[in-house]
Amino acid sequence: MSDRIHTLSGYIHEYQRSVHQPEQFWSRIADSFHWKKRWDKTVEWNFEEPKIEWFKGAQLNITENILEKNLFTMGDKPAIIWEPNEPGDENQIISYRQLYEKVNQFSNAMKAKGVKKGDRVIIYMPMVPEAAIAMLACARIGAVHSVVFAGFSSNALADRINDCQAKMVLTSDGNFRGAKSIPVKAVVDEALEKTKTIENVIVFKRTGEEVEMKSGRDIWWEDAIKGQSTECPAETMDAEDMLFILYTSGSTGKPKGVVHTCGGYMVYTKYSFENVFQYDQGDVYWCTADVGWITGHSYIVYGPLLAGATTVMFEGIPTYPDAGRFWDVVDKYKVNQFYTAPTAIRALQAHGTDPVDSRDLSSLKVIGSVGEPINEEAWHWYHSHVGKGKCPVVDTWWQTETGGIMISPLAGITPTKPSYATLPLPGIQPVIVDADGNELKGNSVEGNLCMKFPWPGMLRTTYGDHERCKNTYFATYKNMYFTGDGVKRDEDGYYRILGRVDDVINVSGHRMGTAEVENAINEHPKVIESAVVGYPHEVKGQGIYAYVICDLENRTEENLINEISETVRNIIGAIAKPDKIQVVSGLPKTRSGKIMRRILRKIAEGDTSNLGDTSTLLNPEIVDEIKAGAK
Ligand code: 6R9
């Protein structure tokens, strides 16, 4: 039985059912999966502790729902189509049967190195099929994967390894990205100088560059799988056993490890994938994200593969060798569903319509957007030039913490409105609250976006620090999950996401905590204090603007700015490098010593006409100086 919704009235009906009888609703959806043991209770929850359990008592292995299931019914169907960075290089098409064998073989390879159920494994790899194989192999043997985006620095990698006390790292010699080749193994080696728990590193050969292999610790991927059987029994997992940890930035301090569990995540990613993208068997689906982000987890790997889809994995970047690269790939594989980020759309928009118009995009049926609010101009460009006015745009709002898409049109079913994520998926109960936590009922309201009922794909905790999970998401408003986003519900009941209301900046769809960037900047020995804010950026959505107080002794301002930028790259990674750094002699502070970020934000936006009341500042005179020096 398929749980695909086909009509708007069908959606409304399903939505009503999901709210009135959530247990029956999710129980029915979950029935279509293979469980080793059925659940005793569909959901048990409270948002106080919080404690959220879905399909309690059930046992399963998510990979049996991908591998065994599809092997028997469509073993020859392509599961993964891999397109390499370099257009002329050989691609790979991996069938469900081959995927079964490769995952099992790598599972055995990890087991041979002593990885057991519950152990944490870090995946720091390029966009190659082996990254997906590694994730599934972990799931197969019950190890918990934590994928770290391969653009993060050795420091960021070491922090994550230490936080989850990982036992193994899976990586590559190097990565190709556009015209660049990045020495990844060297970054891992550097990170491991700051960690104590890693026993082995398995290295996939991608670039062929020379790397140091530490004897007794490092092993090549091809050697690790040599002689290993292509059959590996799937570990029996409880529905609430951990499936993976994914680190994400919040408004305070260091990134937190968002924890997802086996049963609920499985049910939610497949259900949302099939319904949002309206995937038909035989379609080719392509999501351009990196597996290092949640979008890659849920909608390159798990959702599509659970649905028996053909999922394209692309190693390169949108503008290499030219701005027509995406469209060449769409044409080459006759992609039917295409899913990308507004930042990529805006970057391509800047290259004009020639690269789009000169390719055959007639295979496209659905085009999607994720990661940040899509502005109306980009929405229209995407709709007209990529979708040729005929493909529905699915603007999908969700988060690392939500596991899957929460508010989004169902392609071709929900009438769309530019830059609106439109309506919640069945099972999702959004509420809008004001600053005091009062629910704003009815339409034409604006406030903070919360959820008042659990859904199977939601986070269960933050690794090693449940209190932090509680404080970040469940303590702001009583009995609600707080998303950190502002939202408007218009006169038609449609949702429009307005962006973060906390100190999180969304740069090219990647989350960055202002505190996290400030901490990195402050590591520079000449920096005394800093304040970071987001500002509107034409391509990236938001850019990073840093105000720094520093000691310029023996340096020019330009030198220092470059050094600070480099410091941030070393500590977090290139994605966190400030777009603008302004050296200032002071920061506007309240009498209690709090930085008035509102003023700094306005100056960064270039909107200094109305800075509000600055008279309560400890140092009002600083505002004019900062204004005068703004970049
Ligand atoms: C999936 C993902 C989550 C934050 C989220 C919000 C922003 C994501 C959006 C969107 C407007 C959309 N966001 N999708 N804002 N419209 N369609 O991106 O997860 O990296 O955790 O980021 O991204 O601000 O809170 P994640």
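Cut-offs applied
- Residues numbered from 1 in each chain as written.
- Predicted model: local features only at pLDDT ≥ 70, side-chain atom pairs only at ≥ 80, totals over all residues.
- Heavy atoms only, no water.
- 1 Å grid on protein atoms, 1.4 Å probe; cavity = no way out; pocket = protein on both sides within 12 Å on 5 of 7 lines; lining within 4 Å.
- Points joined across faces, edges and corners; volume = space filled by probe spheres on them.
- Helix = DSSP H or I, 4+ residues; strand = E, 2+ residues; numbered from the N terminus.
- Nonpolar A, V, L, I, M, F, W, Y, C, P; charged D, E, K, R; others polar.
- Contact = heavy atoms within 4.5 Å.
- Near = heavy atom within 4 Å.
- Polar contact = N/O pair within 3.5 Å; in protein donor to acceptor, adjacent residues only side chain to side chain.
- Areas by Shrake-Rupley, 256 points an atom, 1.4 Å probe, with all protein chains shown as cover.
- UniProt positions renumbered as here; feature names shortened; annotations may be inferred.
- Domains from an automatic or database assignment.
- Salt bridge = Lys/Arg side-chain N within 4 Å of Asp/Glu carboxyl O.
- Expected span 1.5 Å × (residues − 1).
- Pairing = 2+ DSSP bridges.
- Axes fitted to C-alpha atoms, helices over the stretch in contact; angles between N-to-C directions.
- Phe/Tyr/Trp six-rings, centres within 6.5 Å; stacked < 30°, edge-to-face > 60°.
- Buried < 20%, exposed > 50% of the residue type's maximum accessible area, 1.4 Å probe, protein only.
- Lys NZ or Arg CZ within 6 Å of the ring centre and 35° of its normal.

By the naming in an unreviewed UniProt entry, the protein chain is Acetate--CoA ligase, taken from Marivirga salinarum.

Caption draft 1: Up close: the layout of surface pockets. Roughly 340 Å³ of volume is contained in the second largest pocket. Together, 17 residues line the second largest pocket, and Tyr15, Pro424, Pro430, Arg489 and Tyr495 are the ones closest to its centre. Taken together, the elements giving at least two residues each to the lining of the second largest pocket come down to helix H1 (8-20) and strand E21 (430-433). Per-element accounting of the lining of the second largest pocket gives the leading share, five residues, to H1. Taken together, the residues of the lining of the second largest pocket break down into nine nonpolar, four polar and four charged.

Caption draft 2: Summary view of the side chain of Glu53. For Glu53, the location among the structural elements is in strand E2 (residues 51-56). Glu53 has contacts with Thr42, Val43, Glu44 and Glu240, leaving out every residue within four places of it along the chain.

Caption draft 3: Representation of the site of the ligand. By nearness alone, 17 residues border the ligand, and Asp395, Thr396, Thr400, Asp485 and Arg511 come closest of all. One of the side-chain N or O atoms of Asp395 is found 2.7 Å from a nitrogen atom in the ligand. Within the side chain of Arg511, one N or O atom sits 2.7 Å away from an oxygen atom of the ligand. Calculation on the ligand without its partners gives an accessible area of 530 Å², and the protein chains cover 96% of this total. Within the residue set of the shell around the ligand, elements represented by two or more residues are helix H10 (294-306), strand E20 (393-396) and strand E25 (495-500).

Caption draft 4: Local environment of the UniProt feature "domain: Acetyl-coenzyme A synthetase N-terminal" (unreviewed entry) in the protein chain. UniProt feature "domain: Acetyl-coenzyme A synthetase N-terminal" (unreviewed entry): in the numbering of this structure it lies at residues 13-65. In the segment residues 13-65, helix accounts for 32% and strand for 26%; the C-alpha atoms at its two ends are 28 Å apart.

Caption draft 5: Fine view of the domain arrangement of the protein chain. Its domain assignment divides the protein chain into domain 1 (30-38 + 59-429) and domain 2 (504-629). Taking only C-alpha atoms into account, the centre of domain 1 sits 33 Å from that of domain 2. The interface of domain 1 with domain 2 comprises 22 residues on the first partner and 22 residues on the second. When the shortest N-O distance is used, the salt bridge between Arg511 and Glu401 registers 3.0 Å. Along the contact surface separating domain 1 from domain 2 lie 13 residue pairs in polar contact (both at pLDDT 80 or more). Breaking the side of domain 1 that touches domain 2 down by element, the ones donating at least two residues are helix H6 (154-164) and helix H12 (342-349). Sorting elements by how many residues they give to the side of domain 1 that touches domain 2 places H12 first, with three residues. Here the residues of the side of domain 1 that touches domain 2 sort into six nonpolar, 13 polar and three charged.

Caption draft 6: Representation of helix H9 (residues 262-277). With 16 residues, H9 extends 23 Å from end C-alpha to end C-alpha; this agrees with the ideal 22 Å at 1.5 Å per step. At the C-terminal side of H9, Gln278 shows a positive phi close to 50°.

Caption draft 7: Local environment of the sheet that holds E25. The strand order across the open sheet formed by four strands is E21-E22-E24-E25, and the pairing between neighbours is antiparallel. Of all the strands in the sheet, just E21 and E25 have a single pairing partner and so form its edges. Strand-to-strand twist of the sheet, defined as the mean angle between neighbouring strand axes without regard to direction, takes the value 45°. Relative to E25, strand E24 (residues 481-489) runs antiparallel, the two being bridged by five bridges. Along E25, the bridge assignment pairs Lys488 with Arg496.

Caption draft 8: Examining the packing of aromatic side chains more closely. If you walk through the whole model with that rule in mind, you get 43 aromatic pairs. Arranged with centres 6.0 Å apart and planes meeting at 40°, the rings of Tyr11 and Tyr15 form a pair that is tilted. Within this pair, Tyr11 and its partner Tyr15 are both found in helix H1, separated by four residues, close to a single helical turn. Residue classification places Tyr15 among the buried positions, given a relative accessible area of 17%. Between Tyr265 and Tyr302 the ring centres are 5.5 Å apart and the planes differ by 85°, which places this aromatic pair in the edge-to-face class. With a gap of 37 residues between them, Tyr265 in helix H9 and Tyr302 in helix H10 connect regions that are remote in the sequence. Residue Tyr265 shares its accessibility class with Tyr302, and that shared class is buried. Counting every residue linked through ring pairs, the aromatic cluster contains Phe25, Trp26, Trp35, Trp39, Trp54, Phe55, Tyr268 and Tyr271. Sitting over the face of the ring of Trp220, Lys205 holds its NZ or CZ atom 4.5 Å from the ring centroid.

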